[in-house]
Amino acid sequence: MIWLLRKDLLILRRSRLLVALLVFYPIAIALLIGFAISRSPSRPRVAIVDETPAGETIQVGSQRVEVSQYARQLFSQVQSVGVSSRAQAVEEVKSADVLAAVVIPADIAARISSGTAQGQLEVIYNGDALEQSLVQSQIGSALAQANLGFSEQLQRAAAKAIDGLLRGGNLGSLGAPSDLIGLEQIPAVLQRVLAHVPAGSDRAALERVASFADFAAQNLSVSKKVLSTVGQPIRVHSTLLHGRRTPLNTFAVVVAVSVSLMFVCVLLAAGGVALEREERALGRLIRGLVSREALLVEKGMLAAGCSFVLALAMLAGVGAFVSLDWSRAGLWVVALAFGALSFGALGVAIGALAREVRAASLLAFLMSLPLAFLALVPSGSVSHGFYEVIGAVSFLFPFKAALQALDAAVNGAAPSIGGSLAHLAGLCVIFGALARFGLRRAD
Amino acid sequence: MSAVLSVSSLGKRYGDLQALADVGFEVCAGELVAVVGPNGAGKTTLLSIIAGIQPPSSGSVSRSPREVGWAPQQPALYSKLSVAENLELFAHLEKVSDPRAAVARMLDQTGLTARAGEAVGRLSGGNRQRVNVALGLIADPPVLALDEPSASLDPGQRERLWQFIATLARAGTAVLFSTHNVSEAQRHADRVLVLADGRLLFDGPPRSLLLEAGEDERGDLERALVRFLAMRAPQDVSA
């Protein structure tokens, strides 16, 4: 087997373009995937036309909220581009300089203050279906955040107005008398007055007023709390069910390394086996010189060894830029070794079944790329049934198990590494058997 | 002369298809035996079973695959390796006692010493076929099985190849070859095996086949073969 290995290394050394492609292509793909995963979504570039007059306010009871507060909330959610008119905003959208434009109309304050109509914004966007979907999603999210912030402003103003009614004093609104009595103080004042009022119809009437004032004060206090609940009815408290939380950037490293490991290993193993058939040397080899099993082991081990070295170098190299726990390096080696062997078995199975190098390479590529993406689909992002199907497909191939093993090794993430390693070992045996079946005939 | 290869009652089935049925013959040292017959007669199947590429369904071959040199119809070579590297690899895999000496011997015999360092992928078809035959001979086997060795060669290359094979036979190697070119069998073979529908219909010198088909001793073997096949299985065989 050593001479076969020597021959394969010699052929590999002479196929410089192939080696360069096998090394740089997966690294490029892996880095792109890692970059896409780890990169936080950027704020959309949006043109904002604020048509409201400067200093316009919305009256909330005795309080006033500036309309410009809303624009400020919106500016904080997007990468804003100030434009002076709707026509200019339309031009910006048409020229694709901005993703969309938001027009805050001049009558927004009047509509909100009326208490009978909602304020209305105009969103202008363009582009194909994908871009429209992106705009709807991103602008919708930005507007929801801005609405939430603005409603909190209005809620604070309303709460302050209720506070003024309850406690009295100087309310500060135009035309309001100074040093007003508060609703909370009325029952006590009336009790003092009632102590000097003889029994009779006037006393009974005053007692009813005192009861109402007491009841009203208590309920207004409660309504303040209700207002805060309405402003943000649900608070989010996160609980991670199992394992340690994996930082996004180190998870991206794990994804990038796993993708490289898979591409290099599967393509090399598949190509190596298929080459023996394509060069018609398989018949010569298996007539007593090398057993089919030894041939498959040699191809799988060669591919696994090359991809293991590349993946470990990648992991160590990236470790210079991203904080990795080097005390777990022993586990990295174990996870990468199991992953490489499992991918090697998948590769030799593809090579044995595909029978020629081009078909084997194409099949290896066509299988590897979707497997990587399927393994990264988060639960909840697709329907339950479809997610079950994705899970079943991912279970049948080594990428997800290799990813989980490496994530557990690098980040201590769940599930535990033992289960993933056992899964990879099982897949290695199954694909090895499939490869042996594919190699049953030499022609 | 004693037989160096005995094939007894060889049969091969592919599902319902009987590719070979009860084929038996012997080959002596230094003998050149041609296997001829129409397409689908079982020529390649017979040679590949003798070479150990596939197992028979029934019957036996007296030699193990390692004792039979094998040169398939399409050269089985690593195109990225040089002529010498291909020979050296198989010399090691065949566990030849002195691989370097074996490589030098085969380069000398095939006349490829000057091109030893050249990548096989850059050789002409004729030279590739010579390397292909040389790989079959690297372990100095007593029997050499060649499947259509001269197919895809030009007349000059074909002539050089037959000179090379004749030299091997003179040195004592038993050579069994299949061919579609019946005139080659007439010129080079000591014996002819005629296969049709997986059955061995004739085993003897070319001259005997001519006589059996009603031809003159110096007649055309190809015409004789067509007539012979038509006489034996007129409903199945088309020339």
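Residues numbered from 1 in each chain as written. Chains lettered and ligands numbered in written order. Predicted model: local features only at pLDDT ≥ 70, side-chain atom pairs only at ≥ 80, totals over all residues.

Thoughts on the overall build of chain B
Helix and strand content of chain B: eight helices and nine strands. Relative to the compact-globule value of 18 Å for 239 residues, chain B shows a C-alpha radius of gyration of 18 Å, a close match. For chain B, the C-alpha atoms occupy an extent of roughly 50 × 35 × 35 Å along the three principal directions. Per-residue burial for chain B yields a buried fraction of 46% across its 239 residues. Taking as baseline every contact in chain B between residues at least 6 positions apart, the subset at least 24 positions apart corresponds to 66%. (Helix = DSSP H or I, 4+ residues; strand = E, 2+ residues; numbered from the N terminus. Rg over C-alpha atoms; globule rule 2.2 N^0.38 Å. Buried ≥ 20, exposed ≤ 12 C-beta atoms within 10 Å, placed from the backbone. Contact = placed C-beta atoms within 7 Å.)

Quick look at the overall build of chain A
A tally of regular secondary structure across chain A gives 16 helices and eight strands. A burial count over chain A gives 35% of its 443 residues as buried. Pairs at least 24 residues apart make up 77% of the contacts formed inside chain A by residues separated by at least 6 positions.

Some remarks on the interface of chain A and chain B
Contact residues are listed per partner, giving 16 residues for chain A and 20 residues for chain B. Among the elements of the structure, α1 (2–14) and α10 (281–286) of chain A are those that each provide at least two residues to the side of chain A that touches chain B. The element best represented in the side of chain A that touches chain B is α1 of chain A, accounting for five residues. Of the residues assigned to the side of chain A that touches chain B, the class counts are seven nonpolar, three polar and six charged. (Nonpolar A, V, L, I, M, F, W, Y, C, P; charged D, E, K, R; others polar.)

As for the nonpolar core
Generally speaking, nonpolar side chains in soluble globular proteins are found buried as a group. Membership of the largest hydrophobic core comes to 150 residues, with the highest contact counts inside it found for Cys-265, Val-266 and Ala-405 of chain A together with Leu-176 of chain B. If you tally residues by element for this core, the top one is helix α9 (residues 248–278) of chain A, at 21 residues. Sequence-distant contacts of Leu-176 of chain B, that is, excluding residues within four places in its chain, are made with Val-27, Val-33, Val-35, Leu-47, Ile-50, Val-143 and Ala-145 of chain B. Formed by 28 residues, the second largest nonpolar core is a distinct cluster that contains Ile-58, Leu-74, Ile-112 and Ala-146 of chain A. (Core = buried A, V, L, I, M, F, W, Y, C linked by C-beta atoms within 7 Å.)

Quick word on helix α1 (residues 43–50) of chain B
Counting buried residues along α1 of chain B, seven of its eight residues qualify, which places the element largely inside the surrounding structure. Within α1 of chain B, burial applies to Lys-43, Thr-45, Leu-46, Leu-47, Ser-48, Ile-49 and Ile-50 of chain B.

A closer look at the sheet that holds strand β7 (residues 174–178) of chain B
Residue and element names in this part refer to chain B. Overall, mixed pairing links the six strands, which are arranged β5-β6-β7-β3-β8-β9 in an open sheet. The open sheet is flanked by β5 (68–71) and β9 (199–204), the only strands paired with a single partner. In this sheet, adjacent strand axes meet at a mean angle of 15 degrees when their direction is disregarded. Both strand β3 (residues 32–36) and β7 contribute to a ladder of four bridges, which runs parallel. Counterpart to Val-35 in the pairing with β7 is Ser-178. Along the sheet face, helix α4 (residues 125–137) touches β5 and β6 (143–147) and points at about 160 degrees away from the line of β5. (Pairing = 2+ DSSP bridges. Axes fitted to C-alpha atoms, helices over the stretch in contact; angles between N-to-C directions.)

Some details on the packing of helix α2 (residues 83–93) of chain B against helix α3 (residues 99–110) of chain B
Residues and elements named next belong to chain B. Between α2 and α3, the least distance of the axes is 9 Å, while the angle of their chain directions is 135 degrees. Between α2 and α3, the crossing angle belongs to the class labelled oblique. In terms of crossing hand, the pair formed by α2 and α3 is right-handed. Every residue of α3 that contacts α2 at Ala-84, Leu-87, Glu-88, Ala-91 and His-92 is listed here: Pro-99, Ala-102, Val-103, Met-106 and Leu-107. Among the residues making up the contact of α2 with α3, the classes are represented as eight nonpolar, one polar and one charged. (Parallel < 35°, antiparallel > 145°, perpendicular 65-115°, else oblique. Left-handed = near helix turned anticlockwise from the far one by under 90°.)

Remarks on α4 of chain B
Residues and elements named next belong to chain B. Here α4 contains 13 residues, and its C-alpha end-to-end distance of 19 Å stays within 8% of the 18 Å for a straight helix at 1.5 Å per residue. Counting buried positions along α4 yields eleven of 13 residues, so the element is predominantly enclosed. When we look at burial in α4, the residues that qualify are Asn-127, Arg-128, Gln-129, Arg-130, Val-131, Asn-132, Val-133, Ala-134, Leu-135, Gly-136 and Leu-137. (Expected span 1.5 Å × (residues − 1).)

Thoughts on the sheet that holds strand β4 (residues 58–61) of chain B
Strand pairing in a sheet relies on backbone hydrogen bonds, with the paired strands running either antiparallel or parallel. All names here are of chain B. Reading across from one edge, β2-β1-β4 is the order of the three strands in this open sheet, with antiparallel pairing throughout. With partners counted over all chains shown, the strands left at the sheet margins are β2 (17–28) and β4, one partner each. Averaged over all pairs of adjacent strands, the angle between strand axes in this sheet comes to 15 degrees, irrespective of strand direction. One ladder, built from eight bridges, connects strand β1 (residues 3–14) with β2; its direction is antiparallel. Of the residues in β2, the one forming a bridge with Leu-5 is Val-27. Across the sheet, α1 is in contact with β1, β2 and β4; its angle to β1 comes to roughly 120 degrees.

Some remarks on unusual backbone geometry
All names here are of chain B. For Ser-9, which is not glycine, the phi torsion reads 45 degrees and is therefore positive. Residue placement: Ser-9 occurs in strand β1. Phi at Asp-140 is positive, roughly 55 degrees, even though this residue is not glycine. Structurally, the position occupied by Asp-140 is in the loop between α4 and β6. For Asp-140, a count of 13 C-beta atoms within 10 Å gives the class partly exposed.

A closer look at the pairing of β5 of chain B
All names here are of chain B. Both faces of β5 are covered, namely the face carrying Val-68 and Trp-70 and the face carrying Gly-69 and Ala-71. In this sheet, β6 lies alongside β5 in parallel orientation, the contact comprising four bridges. Looking across to β6, one finds that Ala-71 is bridged to Leu-146.

A word on the environment of Ala-28 of chain A
Residues and elements named next belong to chain A. Counting through the fold element by element, Ala-28 comes out in helix α2 (residues 16–38). When the 11 C-beta atoms within 10 Å are taken as the criterion, Ala-28 is described as exposed. Considered as a pair, Ala-28 and Arg-6 are 22 residues apart in the sequence and their alpha carbons are 29 Å apart.

Brief notes about the confidence of the model for chain B
Residue-level pLDDT values for chain B average 87, and 97% of them are 70 or greater. Listed scores for the predicted complex are pTM 0.70 and ipTM 0.80. (pLDDT = per-residue confidence, 0-100.)

A short note on the environment of Glu-279 of chain A
Tracing the backbone through its elements, the reader meets Glu-279 of chain A in the loop between α9 and α10. If sequence neighbours within four positions are ignored, Glu-279 of chain A has contacts with Ala-76, Leu-77, Tyr-78 and Ser-79 of chain B.

Notes on the pairing of strand β5 (residues 100–104) of chain A
Residue and element names in this part refer to chain A. With five of five residues buried, β5 lies mostly within the body of the structure. By the alternation rule, side chains of β5 split into Ala-100, Val-102 and Ile-104 and Ala-101 and Val-103, which are all buried. Bridge count for strand β1 (residues 45–50) against β5 is five bridges, and the pairing is parallel. Residue Asp-50 lies in a different strand from β5, and its bridge partner there is Ile-104.

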